[in-house]
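What follows is each chain in one-letter form.
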Amino acid sequence: MSDVAVTKRSQRRALGPYGRVGKTINELDERLGIAKGGRSFLDKVYPDHWSFLLGEIALYSFIVILATGVFLTFYYTPSQALVTYHGSYLPLDGQKMTEAYFSSVNLSFAVRGGLLMRQMHHWACDIFVGAIVVHMARVFFTGAFRKPRELNWTIGLTLLILAIVNGFLGYSLPDDLVSGTGIRIAYSIIESIPLVGSYLAFWIFGGNYPGNGVFQRFYVAHVLLVPLIMIGLVSAHMFLMFRQKHTQFDGGGRTEDNVVGKPFFPVFMAKTTGYLLIITGVIALLSAFAQVNPIWQFGPYEAARISYAVQPDWYMGFLDGALRIWPSWTFHSFGHTIPFEVFIPAVLLPGVIFNLAFAWPALERRFTHDDEFHNLLDRPSNRPKRTAAGAALLAFLFMLFVASSTDVLANFFHVSLNTVLIAMRVLVVATPFIAYLVTYKICKELQAVHNAGRRKTANIVSRTPAGEYVATPSPLYPDDRHDKLEPTPVPDFISTGSPEVTESGVRTVER
Amino acid sequence: MKPDEQREPVHLRGLSADDPHLQPASAHPERAEAVIAVTLFLGLLGVAGFGACYWVNAAPWTLGATLGGGLTFLGIGMAAWGKYLMPRGPFVEERHSLAATDEDRDALAGAIVQRGGTLLKRRKLIGGLLGGGLGVFSVVAIFPLLRSLGPLPKGTLFHTDWKKGSYVVDQTGRRVSVGDLAVGSVMTVYPEGAQDTDRGQAVDATVLVRLSNEDFTTQRGRETWAPMGYVAYSKICTHLGCPVGLYEQQLQLLVCPCHQSMFNVTNGAIPQFGPAPRPLPQLPMYIDASGFLRSQRGYDQPIGPGFWERS
């Protein structure tokens, strides 16, 4: 027994100046060497711009997808075995259905919170793919994909493709009448590939349609295989962003060789965690008030039945639209058939679009002979050709998306389906050119206007008691408070100058 | 490492507490704090409400509303805390080139090229054998992965279960006889025995349309195919295999709801509109002595969408 009295104060002293936190860090650093890296992680500066939040929407909705998806796996059965429904949803009572459909309906109605989780999973996925597209558009239009970030562009694009594929797989799992038709179409698309199509289809589905044990396969791919690859790629995406540091817009002391913004701890951390909560909250609100994919209304899938006027999830729309408006050109000769009416719009077209997107950074470097590093972003109007090309591609895809509802449009406008079809064919071809020209022209105009896009101050006009109107002189542009200060390095410590402080940064309170 | 008691507090570059960079971004921090406090309180109420709603098993929308509202308020409060009450900055960080020196690069390249090169040059035989072995493995490893997944297509895409003399049955398995359909109506039929199978539903499904009270000829050479006006076409669309589920009675068109292909039932289901490239195959019917509808034989061509092996 020591004769030194153990007091609170002596205990505190033994812990060192930073208390338990310091002690923990000592222990961890001795074993893992985290101190240096951890410090620079906390100090890392994140630039501020609203458009940088688009990627975060994608990241955080991905987290929501993972969390809600785990919940759904507890209750879903990937089986084609037939059962008879006697659950709480009476309109389906006594109907024969597969276990896949049965468990999907059951987890919606019989599991507490299940419907909310299913809706959140679906909404989060729709938002996820949307956020990726918008984020990619931001990266594209501001030139953030340029050297040294070409690899991250490639990873992001791969993630988009995987997200679409996995979205389709997940959409197929409930085995409702609508998604079943989607699987049938996917089968036919695979079958349309020359030479290997029927073999591929047989191997993926385990036989002639509807195949054998397809839900087992789709399920494993949907919850394990694809998500695993995606998590790996998302991690790589984040790591590269972290290592290469953020891009930023010009101005306010920002140069090619620095990053100006707020440090990760505590500012960015607070904002981004708040953002995660907001995104989760908004997805939950959407799921509470906006119904998505009501599989119990569609009924169980039977191969010989079909529903009318249904569209796939929005991100498959461009494919569906292309299939609808492509003419019925087919090829058969020499004892073989190439279903061009399917192969071109559903296989070649997305292949060309995605490969063009993969190749874009290299293509642009080739044409501009620009081999410099770029950490400052472009204003889209300063790169009129790139901006116009992006607008043209988006217009093309958007028109294909619209074309996926030809029947709905015909009903809505009371015109013949033929009129809608021809109109869509014209629009799909013409709109990209118009979009290119209009965007190019707008960019050129914007370049000519000095300070275009900067917010101006309001003119304050007041009336004097005498009835005279006087304009208060004010600067043309409001002074951004942030611009008034020179950026400073993140401080290592903050000296309060208070007499209480005996050691720098540590305040000892006597008890 | 020195024991904690002996460590001196480090003196590094710092900012004094009254430095403008460290001031909150909000011009009125007290007001901002009050608003944030209210927001966070609402968030707290929301997530607590979610717990309560879950506990009493309330309607799903209340779960979503409380959870969503709670998280959104908490999030707004937290983001606002970061935006308005934390140091306004701006702070700057140097961006250093990630590239190493030329010497370091040459050292790496040299290590790969020279070390690896000499290794391979000296041991060409085993290098080649190892490379060959791994190459062959990478090819053969795909075989079981692919080939075990499913059978080979063989003839299955070319045939259906419709045979010579197959009885025509409806969804429930009841044989269809000559008086079952009124003129102008339509039903989905299967070869007897297949109506309950996956293959029957997905491959054999056939649309039976009654066009008239007399034998109906859709095309030359098909004079006997539609006795008493009973015309039968494959229900599987030749575009992408959706069931051709809609019948437009007045125009006598079968319509596929997926991509709006339309087939004229009076002339052998020639596509009249839409992306379908081929007519729906027609199934020759006959009526036997007991008045039941039966197929003369199977389809004379593969049904459904196109594929490479189809002639």
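Residues numbered from 1 in each chain as written. Chains lettered and ligands numbered in written order. Predicted model: local features only at pLDDT ≥ 70, side-chain atom pairs only at ≥ 80, totals over all residues.

**Quick notes on the overall build of chain A**
- Within chain A, the regular secondary structure consists of 18 helices and twelve strands.
- Dimensions of chain A, computed from C-alpha atoms along their principal axes, come out at roughly 90 × 80 × 60 Å.
- With 511 residues in all, chain A has 39% of them scored as buried. (Helix = DSSP H or I, 4+ residues; strand = E, 2+ residues; numbered from the N terminus. Buried ≥ 20, exposed ≤ 12 C-beta atoms within 10 Å, placed from the backbone.)

**Focus on the nonpolar core**
- Counting 177 residues, the largest nonpolar core has A:Ala124, A:Phe128, A:Ile283, B:Leu208, B:Tyr233 and B:Leu254 as its most contacted members.
- Beyond its immediate sequence surroundings of up to four residues, B:Tyr233 is in contact with B:Thr206, B:Val207, B:Leu254, B:Val265, B:Ala269, B:Leu280, B:Pro281, B:Gln282 and B:Leu283. (Core = buried A, V, L, I, M, F, W, Y, C linked by C-beta atoms within 7 Å. Contact = placed C-beta atoms within 7 Å.)

**Digging into the packing of helix H5 (residues 99-109) of chain A against helix H6 (residues 114-141) of chain A**
Residues and elements named next belong to chain A.
- For the pair H5 and H6, interaxial distance at closest approach is 5 Å and the crossing angle is 115 degrees. Taken together, the axis directions place H5 and H6 in an arrangement best described as roughly perpendicular. Residues Leu 107, Ser 108 and Phe 109 of H5 pack against Gly 114, Leu 115 and Arg 118 of H6.
- Of the residues that constitute the contact of H5 with H6, the class distribution is three nonpolar, two polar and one charged. (Axes fitted to C-alpha atoms, helices over the stretch in contact; angles between N-to-C directions. Parallel < 35°, antiparallel > 145°, perpendicular 65-115°, else oblique. Nonpolar A, V, L, I, M, F, W, Y, C, P; charged D, E, K, R; others polar.)

**Brief notes about the sheet that holds strand S5 (residues 206-210) of chain B**
Residues and elements named next belong to chain B.
- If you walk across this open sheet you meet the five strands as S3-S4-S5-S6-S11, and the pairing is antiparallel. Where the open sheet ends on each side, the last strands, each with one partner, are strand S3 (168-169) and strand S11 (282-283).
- Summarising the sheet, strand S4 (residues 186-191) and S5 pair through four bridges and their orientation is antiparallel. Within S5, the position partnered with Val 189 by the bridge is Thr 206. (Pairing = 2+ DSSP bridges.)

**Description of the domain arrangement of chain A**
- One can read the domain layout of chain A as domain 1 (8-42) and domain 2 (55-304 + 340-358).
- Taking the mean C-alpha position of each, domain 1 of chain A and domain 2 of chain A sit 42 Å from one another. (Domains from an automatic or database assignment.)

**Structural notes on the interface of chain B and chain A**
- Facing 84 residues of chain B, the contacting portion of chain A comprises 104 residues.
- Contributing elements (two or more residues each) for the side of chain B that touches chain A: strand S1 (14-16), helix H2 (60-85), strand S2 (91-94), helix H6 (198-204) and strand S10 (270-273) of chain B.
- With 18 residues, the top contributor of residues to the side of chain B that touches chain A is H2(B).
- Note: strand S9 (residues 488-489) of chain A against S2(B), two bridges, orientation parallel. Among the inter-strand pairings, A:Pro489 is bridged to a residue of S2(B), identified as B:Val92.

**What about the domain arrangement of chain B?**
- Per the domain assignment, the segments making up chain B are domain 1 (20-85) and domain 2 (168-295).
- With centres defined by C-alpha atoms, the gap from domain 1 of chain B to domain 2 of chain B works out at 61 Å.

**Thoughts on the environment of B:Tyr286**
All names here are of chain B.
- With respect to the helices, strands and loops of the structure, Tyr 286 is situated in strand S12 (residues 285-287).
- A tally of 17 C-beta atoms within 10 Å means that Tyr 286 is categorised as partly exposed.
- Counting along the chain gives 108 residues from Tyr 286 to Val 178, while the straight-line C-alpha distance between them is 9.9 Å.

**A word on the environment of B:Thr206**
Residue and element names in this part refer to chain B.
- Take Thr 206: it is sitting in strand S5.
- Sequence separation of Thr 206 and Ser 295 is 89 residues, and the distance between their C-alpha atoms is 11 Å.
- Once residues within four sequence positions are removed from consideration, Thr 206 is found in contact with Val 189, Tyr 190, Ala 232, Tyr 233, Ser 234, Lys 235 and Leu 283.

**Comments concerning unusual backbone geometry**
Residue and element names in this part refer to chain A.
- The omega torsion of the bond from Lys 147 to Pro 148 falls at 10 degrees, within 30 degrees of zero and hence cis.
- Looking at the element boundaries, Pro 148 is found in the loop between H6 and helix H7 (150-172).
- Omega for the bond connecting Tyr 209 with Pro 210 falls within 30 degrees of zero, at 5 degrees, which places this linkage in the cis form.
- You can see Pro 210 is positioned in the loop between helix H9 (197-205) and helix H10 (214-244).

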